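Read off the chains here:
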Amino acid sequence: MSLYTFARGVITVMSTLFFRVRFEGKEHIPASGGFIMAANHVNLLDPLFVAQGLRPQVHYMAKAELFRNPLLGWLLRHLGAFPVERGKGDSSALDRSAEIVRSGGALGIFPEGTRSKNGKPLRPKSGVAIIAKMTGADVLPCAVSYGPSLG
């Protein structure tokens, strides 16, 4: 069992016990081939909740600063994340993203490039469009929201 599979199982149990997580629109996930899952980002837990709802392993870009801590960097890499130097046109992160998608993987990306502090959408960066153009992959929009259940 991979660390990713184990972690997803733990998150599933934790979210069932402590949160009311609901996934809608999973029927739009391609049955085969790579795709890009683009979500808003308001909480540190967003990558965990989004990945829990998808069957394939989701690979995320994460800010390079997180990888400078040896233990956290090791953990993130083993969970399928890879670093991106934000604000610098990091072509290696774009190339890694395209490689994941072309090989049939799921790329998770937060187009705003950072978490919204007030929950309101921020201006998206161009990375999603660039990767989609490079690969021809489908982009699946995803909304993460917190608060009272809608029903």
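Quantities reported herein were computed from a predicted structural model and do not represent experimental measurements. (Residues numbered from 1 in each chain as written. Predicted model: local features only at pLDDT ≥ 70, side-chain atom pairs only at ≥ 80, totals over all residues. Heavy atoms only, no water.)

Student: Where do I start with the pairing of strand 2 (residues 58-63) in this structure?
Tutor: Regular strands show a simple pattern: their side chains alternate between the two faces of the sheet. Counting buried residues along strand 2, five of its six residues qualify, which places the element largely inside the surrounding structure. Across three bridges, the pairing between strand 2 and strand 3 (residues 82-84) is parallel. Looking at the pairing, Met-61 lines up with Phe-82 of strand 3. (Buried < 20%, exposed > 50% of the residue type's maximum accessible area, 1.4 Å probe, protein only. Helix = DSSP H or I, 4+ residues; strand = E, 2+ residues; numbered from the N terminus. Pairing = 2+ DSSP bridges.)

Student: I would appreciate a short explanation of helix 1 (residues 3-18) in the present structure.
Tutor: Given 3.6 residues to a turn, an α-helix orients residues that are three or four positions apart in the same direction. Taking 1.5 Å per residue as the helical rise, helix 1 with its 16 residues ought to reach 22 Å, and the 22 Å between its terminal C-alpha atoms agrees with that figure. Taken together, the buried positions of helix 1 are occupied by Tyr-4, Arg-8, Ile-11 and Ser-15. Along the axis of helix 1, the buried positions cluster into a sector of 65°, meaning they face one direction only. Looking at helix 1, the residues exposed on the side facing more than 90 degrees away from the buried face are Thr-16 and Leu-17. Looking at the buried residues of helix 1, the elements they touch are helix 2 (46-52), strand 2 and helix 3 (70-78). (Expected span 1.5 Å × (residues − 1). Arc of directions from axis to C-beta. Contact = heavy atoms within 4.5 Å.)

Student: Is there a simple way to think about the side chain of Ser-116 in this case?
Tutor: Mapping Ser-116 onto the fold places it in the loop between strand 4 (106-109) and helix 5 (127-135). We classify Ser-116 as buried; its relative accessible area is 4%. Here Asn-118 takes part through its side chain, which lies 3.1 Å from a polar atom of the side chain of Ser-116. If we ignore the near neighbours within four places in the chain, the residues touching Ser-116 are His-41, Val-42 and Leu-122. (Polar contact = N/O pair within 3.5 Å; in protein donor to acceptor, adjacent residues only side chain to side chain.)

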